[in-house]
Amino acid sequence: FEFTHALCRVPADSVCDGLRASDRGDPDPALFRNQHAAYVAALRDAGCAVTVLEADEAFPDSVFIEDPALVLNGVAIVLRPGAPSRLGEAAALRPALEEHCRKVVDLKTEGFVDGGDILCTDDRVLIGLSARTDARGAEDLRPLVEAQGYRLEVLQTPPEILHFKTESSLLDAETVLATPALAASGAFDSMRVIETAPGEGASANAIRVNDVVMLSAGYPETADRLTQAGYEVVTLDTSQAALVDGGLSCMSLRY
Ligand code: CIR
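Since the model is a prediction, treat every value here as computed from it, not as a measurement.

Trainee: Would you mind going over the environment of leucine 129 with me for this structure?
Mentor: Position of leucine 129 relative to the elements: it lies in strand E7 (residues 124-129). For leucine 129, a relative accessible area of 15% translates into the label buried. The spacing of leucine 129 and alanine 69 is 60 residues in sequence and 16 Å in space, taken between C-alpha atoms.

In structure tokens form, the structure reads like this:
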């Protein structure tokens, strides 16, 4: 959770065509860009040098830059996103990774991996199989992760959840924030778990960046739980990302 850099991408106008499990209306691109700018500012306040890439209209979901890549020890692994409309995001992102990361490697697989299914601790990379990430992709990722000195643990994202990290996030070396449903899956049995408050499951996609935990606004009880546990909480409005099933972690690659 200690990061010096982050890579983000401005939301495109085409985000209105972004994927979503249930339709609650399109995001407003201008408002989304404002919320995104506040998010970038918060990353900077937390101590990251943030590079903001231009919007990529060809890919409606490209603001969710976490899904096509994973950065470990400054080495970027270009992934293979599992949604057909997002597969091309990986190649589109590669030049920026070449420019900003010390090395770039490709996940060579016929399977699929979305970065949103990957939760990194200090020494482990937890990957949740989901509708976007399959066993083949996860196994082919293993040697790339091990080459960076991490152990890969393959878990299951419960079926109704988009991404493993939609409902969990790392708070510190031994603690995660998770929904009761994901906590009950046993994924975090070796860790301390702080559960999101009842009715506040959408707050689980938080990010710890250096000294602060960034949490979506509107989840006061969960914010309280975190504050009481000693975390410094910064809340950010993610209403537009939420309309297309995105949250705080998806909007940056942190390294
Ligand atoms: C998608 O369905 O791929 C996007 N609309 C949302 C991606 C959110 N990304 C994430 O949780 N890592």
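Trainee: Please clarify how the sheet that holds strand E1 (residues 5-9) should be interpreted in this entry.
Mentor: The strands making up a sheet are joined through hydrogen bonds of the backbone, oriented either antiparallel or parallel. Across the sheet, which stays open at both edges, the three strands sit in the order E2-E1-E15 with mixed pairing between neighbours. Edge positions in the sheet fall to strand E2 (49-53) and strand E15 (253-254), since each has one partner strand and no second. Bridge count between E1 and E15: two bridges; the pairing is antiparallel. For alanine 6, the partnering residue across the bridge sits in E15 and is arginine 254. Sheet strands touched by helix H2 (residues 89-100): E1, E2 and E15. Its angle to E1, the strand with the most contacts, is close to 155 degrees.

Trainee: Mind showing me how you'd approach the nonpolar core here?
Mentor: Proteins that are soluble and globular tend to have nonpolar side chains buried together. Membership of the largest hydrophobic core comes to 24 residues, with the highest contact counts inside it found for Phe32, Tyr39, Leu43, Phe64, Val209 and Met214. The set of elements that each furnish at least two residues to this core consists of E1, helix H1 (29-45), strand E12 (207-209) and strand E13 (212-216). At five residues, H1 tops the list of elements feeding residues into this core. When neighbours within four sequence positions are excluded, phenylalanine 32 is seen to be in contact with Pro11, Val15, Pro27, Val63, Phe64, Gln240, Ala241, Val244 and Met251.

Trainee: Got a minute to help me understand the site of the ligand in this structure?
Mentor: Lining the immediate environment of the ligand, one finds 13 residues, of which Leu19, Asp61, Arg86, Arg132 and Val244 sit closest. Taking arginine 86, its side chain carries an N or O atom lying 2.8 Å from an oxygen atom of the ligand. Taking 350 Å² as the accessible area of the ligand by itself, protein coverage stands at 99%. Comparing atom positions with the cavity grids shows the ligand to sit within the largest pocket. Residue composition of the shell around the ligand, grouped by class: four nonpolar, three polar and six charged.

Trainee: Quick question: what am I supposed to make of the sheet that holds strand E14 (residues 232-236) here?
Mentor: Overall, mixed pairing links the three strands, which are arranged E12-E13-E14 in an open sheet. Sheet topology places E12 and E14 at the edges, where each strand pairs with a single neighbour. Pairs of neighbouring strands in the sheet enclose a mean axial angle of 30 degrees, with direction left out of account. Strands E13 and E14 of the sheet are contacted by helix H5 (residues 220-228), whose axis makes an angle of about 170 degrees with E13.

Trainee: Would you take a moment to explain the pattern of salt bridges for this structure?
Mentor: If you walk through the whole model with that rule in mind, you get 15 salt bridges. Linking arginine 94 and glutamate 98 is a salt bridge whose minimum nitrogen-to-oxygen distance equals 2.3 Å. Taken as a pair, arginine 94 and glutamate 98 lie in helix H2 at a separation of four residues, close to a single helical turn. A relative accessible area of 23% places arginine 94 in the partly exposed class.

Trainee: Mind showing me how you'd approach H5 here?
Mentor: Because each turn of an α-helix spans 3.6 residues, side chains separated by three or four positions end up pointing in the same direction. Within H5, burial applies to Thr222, Ala223 and Leu226. Considered in projection along H5, the buried side chains sweep an arc of 100 degrees and stay on one side of the axis. Exposed residues pointing more than 90 degrees away from the buried face of H5 are listed as Pro220 and Gln228. Looking at the buried residues of H5, the elements they touch are strand E9 (168-172), strand E10 (175-178), strand E11 (192-195), E13 and E14. Just downstream of H5, glycine 230 is the residue with a positive phi angle, here 100 degrees.

Trainee: Explanation requested: the layout of surface pockets in the structure shown.
Mentor: Over the atoms a probe the size of a water molecule is rolled, and this reveals where empty space is left. Within this model, the largest pocket holds a volume of roughly 680 Å³. Along its surface, the largest pocket is lined by 31 residues, and Arg24, Thr166, Ala242, Asp245 and Gly246 are the ones closest to its centre. The residue makeup of the lining of the largest pocket, split by class, is 11 nonpolar, 10 polar and 10 charged. Of the volumes computed, that of the second largest pocket is approximately 580 Å³. Lining of the second largest pocket is provided by 28 residues; of these, Phe1, Phe3, Val71, Cys120 and Arg254 occupy positions nearest its centre. Among the secondary structure elements, those contributing two or more residues to the lining of the second largest pocket are strand E3 (69-72), strand E6 (118-120), E9, E12 and E15. Among the elements that take part in the lining of the second largest pocket, E3 stands out by supplying four residues, more than any other. Partitioned by chemical class, the residues of the lining of the second largest pocket number 15 nonpolar, seven polar and six charged.

Rules used throughout
Residues numbered from 1 in each chain as written. Predicted model: local features only at pLDDT ≥ 70, side-chain atom pairs only at ≥ 80, totals over all residues. Heavy atoms only, no water. Helix = DSSP H or I, 4+ residues; strand = E, 2+ residues; numbered from the N terminus. Buried < 20%, exposed > 50% of the residue type's maximum accessible area, 1.4 Å probe, protein only. Pairing = 2+ DSSP bridges. Contact = heavy atoms within 4.5 Å. Axes fitted to C-alpha atoms, helices over the stretch in contact; angles between N-to-C directions. Core = buried A, V, L, I, M, F, W, Y, C linked by side-chain atoms within 4.5 Å. Near = heavy atom within 4 Å. Polar contact = N/O pair within 3.5 Å; in protein donor to acceptor, adjacent residues only side chain to side chain. Areas by Shrake-Rupley, 256 points an atom, 1.4 Å probe, with all protein chains shown as cover. 1 Å grid on protein atoms, 1.4 Å probe; cavity = no way out; pocket = protein on both sides within 12 Å on 5 of 7 lines; lining within 4 Å. Sits in = over half its atoms within 2 Å of the grid points. Nonpolar A, V, L, I, M, F, W, Y, C, P; charged D, E, K, R; others polar. Salt bridge = Lys/Arg side-chain N within 4 Å of Asp/Glu carboxyl O. Arc of directions from axis to C-beta. Points joined across faces, edges and corners; volume = space filled by probe spheres on them.

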